[in-house]
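Coordinate inspection notes
One letter stands for each residue in the lines below.
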Amino acid sequence: MKKIYTQSVGEVLQGLGVDANGLSTQQAKERLEKYGPNKLKEGEKPTLLQRFIAQLKDPMLIILLIAAGVSALTGMLAGENEWAEVIIILAVVLLNAILGVIQESKAEAAIEALQTMTAATCKVLRDGKQVSLHSDELVPGDVVLLEAGDAVPADGRIIENASLKIEEAALTGESVPVNKALEALGVTGEADVPLGDRKNMCYMGSTVVYGRGKAVITATGMETEMGKIAGALAATQKEQTPLQRKLDELGKLLSKMVLGICVFIFAFNLFMARGELAVQGHALTVILETFMVAVSLAVAAIPEGLATVVTVVLSIGVTKMSQRNAVIRRLTAVETLGCTQVICSDKTGTLTQNKMTVVDHLGDTAKVATAMALCSDANLNENDQAEGEPTECALVNFACAEGLKKHELEKATPRVDEAPFDSSRKMMSTIHAVDGAYVQYTKGAPDVVLSLCAYYEENGEVRPMTDAKRSEIMAANKAMADRALRVLAAAKRDWQHKPEDNTPEYLERELVFLGLTGMIDPVRPEVKAAIEECRSAGIRAVMITGDHKDTAVAIARELGIITDASQAITGSELDNIPDDQIGEFVKKYGVYARVQPEHKVRIVNAWKMNDAITAMTGDGVNDAPSIKSADIGVGMGITGTDVTKNVADMVLADDNFATIVSAVGEGRRIYDNIRKAIQFLLASNMSEVLGVFCSTLMGFTLLKPVHLLFINLVTDCFPALALGMEKAEPDTMQRPPRDSREGIFAGGLFGDIAYQGILVTVLTIVSYIIGNCFEAGRICMPVGVSNHGMTMAFLTMSMCEIFHSFNLRSQRKSIFSLKSHNVILWAAMAGSLLLTTLVLEVPFIASAFGFTPIGLVEYSIAMVLALLVIPVVEIVKFFQRKASTR
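Structural notes, computed from the coordinates. Everything numeric in this text was worked out from a predicted model, so none of it was measured. (Residues numbered from 1 in each chain as written. Predicted model: local features only at pLDDT ≥ 70, side-chain atom pairs only at ≥ 80, totals over all residues. Heavy atoms only, no water.)

1. A closer look at the overall build of the chain
Of the regular secondary structure elements, the chain holds 33 helices and 25 strands. In the chain, which comprises 886 residues, the proportion classed as buried is 52%. Per element, the accessible surface of the chain, about 38,700 Å² overall, is 58% carbon and sulfur. (Helix = DSSP H or I, 4+ residues; strand = E, 2+ residues; numbered from the N terminus. Buried < 20%, exposed > 50% of the residue type's maximum accessible area, 1.4 Å probe, protein only. Areas by Shrake-Rupley, 256 points an atom, 1.4 Å probe, with all protein chains shown as cover.)

Here's what the structure looks like:
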């Protein structure tokens, strides 16, 4: 059987049972069932059982399982048949593992949902009409439309070609784009043509960098060349943010410190109990009991939920951002967003509405409208509304309003060749057959098109271009640009025969100038407020556009980006600034006009020279380098090409500048909340460590491992998650960006953790001593184990940490000044209070935990001691605020 690339277009279409208009919806459905989705095989995901076992491998849980075994052995040696503590520890281990699996699954589900939102799409002919589909819905026989910036969705045979160039480095390693062709390759026998030489084929994993065309899909999914190479690919790679990596390092450091402290406590207790060790039969029991004290310290010290809480808060945060049209493709972007100092934004569609309308023109209306409509790729739909790129839609709608419908024009003067639009030369040209001859229409930037015109048409006559006429045209162009209109020029060239060469250099010369069109693209109403919000947040907004400088200045002044035209610079002027000086120069300008893609990279690098965290937007294929260079690359969800979306850290579903600013605010909120959760968990664990450590040195047992487990699981984990849901503080976007180099404990966080941990420790030990006095019926210092004291200490520490979580709704502000309420935190408090009360008051549960009944007076004292954490922290915050204003 002949290979696809050796067959003619007709043979390929016949072999696939399709014509140039593509498949019907029913045919596509049947083939999808036959061939399956157009996806590469994913790496196998771990089963629920595998995830559960992975949770049990956590060092903390292993310590707990050992503790359960030691507890059982201690009971047997003592001749007791008390399995309550063992069962509770095992239940906690089981519950912790189940919660870990659930939280991990939720986080993965959130990330997968985001990946679905950014899934690649492609333009396909179905039932003879162009539709947009997810790439995984493609089947062999589908006819896809390709243009610059598109990722090739599957393997296919080229059936229409207009200067199509495809970069196939992912498959061939060759970075130079391949010029595609229609003709069948002349191969004899069974000889195979290397993939890189198959000029009439396109392959999944490659990218269109120039021109346009059509291809019929010949292979999908694992049958593609990419599928054969890939074998099995994992759908996603687990990515950790810098913060998560720092927390992992912190966890390891804490574990080592705790191990050292545990060894010290174990040795210290054995030394203090050396007399009992000498008693026959007591040695093993003493050793095991001492080991349990050390385990208590380990349980208290390690914040087991820290990494999980951060992951869950991040995943929920990015889900919320996606609901506001900011789709995060890389978790690292969330942290970086909070540090953003400069936002470099395209003008069209991002700062403006991208609803172009022609409101003025120069030249013969019919001729200008005809040229503009034919030299564009937008088309009218059945309702006579143009569909396609917004600027070209405006031109086609302009012609339609003049009674010149695009499809009728093309029927009379069909397009036979073209030199597609290129951002570096800022124009495009199309060749049309007309009355046995040919006419070329060229449209583009007025200054560029006019420089190539040797003639102009006026009153039906073609005349040589003069300097005076050139100045007159440029004056008309400036008058339109001063009104913030986007101006395009139209020109033509007549040919007796079809041009033998379709390169821009050959076609675009000796042109006849036809006229100008001026289009308005109104600014988005919400952008002005977003620019003002940027200013309040210490963020510099910068406009980058290919438009005329006067147009850019007019819109930038309206939005408040600049106040004077001297703050604008053109791409050509930027070229004259030396590399060693551009870092200083870039601070002076808020508008960059007439720029080319390479200028964007230079602008990003210039801001980086100033150590400024920079976000850069882009939509075209040539914008990919600047988006990759930026700290946060922002792709456009509507007008953006597949290439820019794939390299972007964040994709705007609505192409709106205000969405970027909203995402920055959300990024700041998420980071603030993660810090609050970290502060809460570490302060809580510090109080537990200091409590166990100090009580051991003082000669009594403050709390047992099972008590600390309950506190960590109930009192710590849920309030920490609730703090992650906290609304943004009122001044979130009224303070300067966070320094990207600052550590987790910046801004006095470590000091806050230290004094708050000590405070909770003191309150808990005081509660224990009071409980011990009630049990003894006199004032005395505790020795050994006091169940009454332990009960009060448990109640105080549990509720103290719950109340303390309310303190952390703001690091410095009084909680009584916050106007919003965290309903989830209130629910966590109510739930914790209920569970703590159940543990204390339900007899069989209290007995299992080793608690004794306490009266109303003791209960009230314990609660008042716990509540004291709020006024004490409020007082400290007051003095901290006073100190910061000096």
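2. Comments concerning the pattern of salt bridges
Scanning the model with the defined rule gives 43 salt bridges in all. Between R535 and E532 there is a salt bridge, and its shortest N-O distance comes to 2.8 Å. Of this pair, R535 and E532 are both found in helix α19 (residues 527-536), three residues apart, which corresponds to roughly one turn of the helix. Close ionic contact of K813 with E729 constitutes a salt bridge, the shortest N to O distance being 3.6 Å. Residue K813 is located in the loop between α29 (787-807) and α30 (823-841), and its partner E729 is located in the loop between α27 (705-724) and α28 (749-776); the two are separated by 84 residues in the primary sequence. One continuous salt-bridge network, built from bridges that share partners, spans E160, R212, K214, D377, R415 and E418. (Salt bridge = Lys/Arg side-chain N within 4 Å of Asp/Glu carboxyl O.)

3. Considerations on the pairing of strand β15 (residues 437-444)
Within β15, six of the eight residues are buried, leaving the element largely enclosed by the surrounding structure. In terms of strand pairing, strand β14 (residues 427-434) meets β15 through eight bridges, oriented antiparallel. Counterpart to T430 in the pairing with β15 is Y441. Linking β14 back to β15 in an antiparallel pair, the connection comprises two residues, with D435 at a positive phi of about 50 degrees. (Pairing = 2+ DSSP bridges.)

4. Some remarks on the side chain of T517
With respect to the helices and strands, T517 occurs in strand β19 (residues 511-520). When residues no more than four places from it in sequence are discounted, the contact partners of T517 are V358, D360, H361, V368, M372, L395, F398, M480, R486, V487 and L488. (Contact = heavy atoms within 4.5 Å.)

5. Topic: the environment of A615
With respect to the helices and strands, the residue A615 is situated in strand β23 (residues 614-618). Those residues in contact with A615 that sit more than four places away from it in its chain are T340, V342, I343, C344, I632 and V634.

6. What about the packing of α29 against α30?
Across the interface, α29 lies against α30 with an axial gap of 10 Å and an inter-helix angle of 175 degrees. In this view, α29 runs roughly antiparallel relative to α30, as classed from their interaxial angle. Facing T791, F794, L795, S798, M799, I802, F803, S805 and F806 of α29, the residues of α30 in contact are L825, W826, A828, M829, S832, L833, T836, V839 and L840. Its residues assigned to classes, the contact of α29 with α30 shows 13 nonpolar, five polar and no charged. (Axes fitted to C-alpha atoms, helices over the stretch in contact; angles between N-to-C directions. Parallel < 35°, antiparallel > 145°, perpendicular 65-115°, else oblique. Nonpolar A, V, L, I, M, F, W, Y, C, P; charged D, E, K, R; others polar.)

7. Things to note about the packing of aromatic side chains
If you walk through the whole model with that rule in mind, you get nine aromatic pairs. Taken together, a centroid distance of 5.5 Å and an interplanar angle of 50 degrees make the contact between F710 and F794 tilted. Here F794 lies in helix α29 and F710 lies in helix α27, a separation of 84 residues in the sequence. As far as the burial class goes, F710 and F794 line up, both buried. A centroid spacing of 5.8 Å and a plane angle of 85 degrees characterise the contact between F745 and F750, whose relative ring orientation is edge-to-face. Residue classification places F745 among the partly exposed positions, given a relative accessible area of 29%. Grouped by ring-pair contacts, the aromatic residues F710, F794, F849 and F851 constitute a single cluster. In this arrangement the basic side chain of K165 is found over the ring face of Y210, its NZ or CZ atom lying 5.3 Å from the centre. (Phe/Tyr/Trp six-rings, centres within 6.5 Å; stacked < 30°, edge-to-face > 60°. Lys NZ or Arg CZ within 6 Å of the ring centre and 35° of its normal.)

8. Things to note about the nonpolar core
Counting residues in hydrophobic clusters, the biggest one holds 111 residues, and the most contacted among them are I343, M650, F657, L703, F803 and V869. With 15 residues, helix α26 (residues 657-698) is the largest single contributor of residues to this core. With sequence-adjacent residues up to four places away left out, I343 is seen in contact with C534, I539, R540, A541, V542, A615, F657, I660, V661 and V664. (Core = buried A, V, L, I, M, F, W, Y, C linked by side-chain atoms within 4.5 Å.)

9. Focus: α28
Helix length check: α28 (28 residues) gives 41 Å between terminal C-alpha atoms against 40 Å at 1.5 Å per residue, within 8%. Immediately downstream of α28, the backbone of G777 shows phi near 75 degrees, a positive value. (Expected span 1.5 Å × (residues − 1).)

10. Remarks on the side chain of E801
Summarising the element assignment, E801 is placed in helix α29. The side chain of E801 is buried and forms no salt bridge, while K877, the nearest opposite charge, is found at 17 Å. Among the polar contacts made by the side chain of E801, one reaches the side chain of S687 at a distance of 3.3 Å. Sequence-distant contacts of E801, defined by excluding residues within four places in its chain, comprise F680, S684, S687, E688, I711, T715, D716 and V760. (Lys, Arg positive; Asp, Glu negative; His and termini not counted. Polar contact = N/O pair within 3.5 Å; in protein donor to acceptor, adjacent residues only side chain to side chain.)

11. Quick look at the sheet that holds strand β9 (residues 342-346)
Working definition: the strands of a sheet are paired by backbone hydrogen bonds and lie parallel or antiparallel to each other. One open sheet holds the eight strands; their spatial order is β8-β25-β24-β23-β9-β20-β22-β21, and the pairing between them is mixed. Whereas interior strands pair on both sides, the edge strands pair on one side only; in this sheet they are β8 (326-328) and β21 (568-570). The sheet shows a mean angle of 20 degrees between the axes of neighbouring strands, taken without regard to direction. Sitting on the sheet, α26 touches β8, β9, β20 (540-544), β23, β24 (632-636) and β25 (650-652), and the angle it makes with β9 is about 160 degrees.

12. Regarding the pairing of strand β3 (residues 143-147)
By the criterion of burial, β3 is predominantly enclosed, with four of the five residues buried. With three bridges connecting them, strand β1 (residues 121-126) and β3 associate as antiparallel partners. Directly across from V124, in β3, lies its bridge partner V144. Bridging between β3 and strand β7 (residues 207-219) involves five bridges; their strand directions are antiparallel. Its bridge partner lying in β7, V143 is registered against V216.

13. Let's talk about the packing of helix α17 (residues 467-482) against helix α20 (residues 549-559)
Orientation of α17 relative to α20, taken along the N-to-C sense of each, is 15 degrees, at an axis distance of 8 Å. Relative to α20, α17 is oriented roughly parallel. For the element pair α17 and α20, the recorded crossing hand is right-handed. Contact residues: α17 offers K478, A481 and D482, while α20 offers D550, T551 and A554. A breakdown of the residues in the contact of α17 with α20 according to their chemical character gives two nonpolar, one polar and three charged. (Left-handed = near helix turned anticlockwise from the far one by under 90°.)

14. Looking at unusual backbone geometry
Look at N325: it is not a glycine, yet its phi comes out positive at around 75 degrees. In this structure, N325 sits in the loop between α11 (306-323) and β8. For N325, a relative accessible area of 30% gives the class partly exposed. Phi is positive for D435, which is not a glycine, with a value near 50 degrees.

15. Some remarks on the environment of S626
Of note, S626 is situated in helix α24 (residues 624-629). Taking the C-alpha atoms as reference points, S626 and M616, 10 residues apart in sequence, are found 7.1 Å from one another.

16. Focus on α17
Taking 1.5 Å per residue as the helical rise, α17 with its 16 residues ought to reach 22 Å, and the 22 Å between its terminal C-alpha atoms agrees with that figure. Lining the buried residues of α17 we find β10 (357-362), α16 (446-451), β16 (453-458), β18 (485-495), β19 and α20.

17. Quick notes on the environment of Y592
Inspection of the secondary structure assignment puts Y592 in strand β22 (residues 591-593). Residue Y592 is classed as buried on the basis of its relative accessible area, which comes to 1%. It is 9.2 Å that separates the C-alpha atoms of Y592 and V553, two residues lying 39 residues apart in sequence. Within the local environment of Y592, its side chain forms a polar contact with the backbone oxygen of V586, the two atoms lying 3.3 Å apart.

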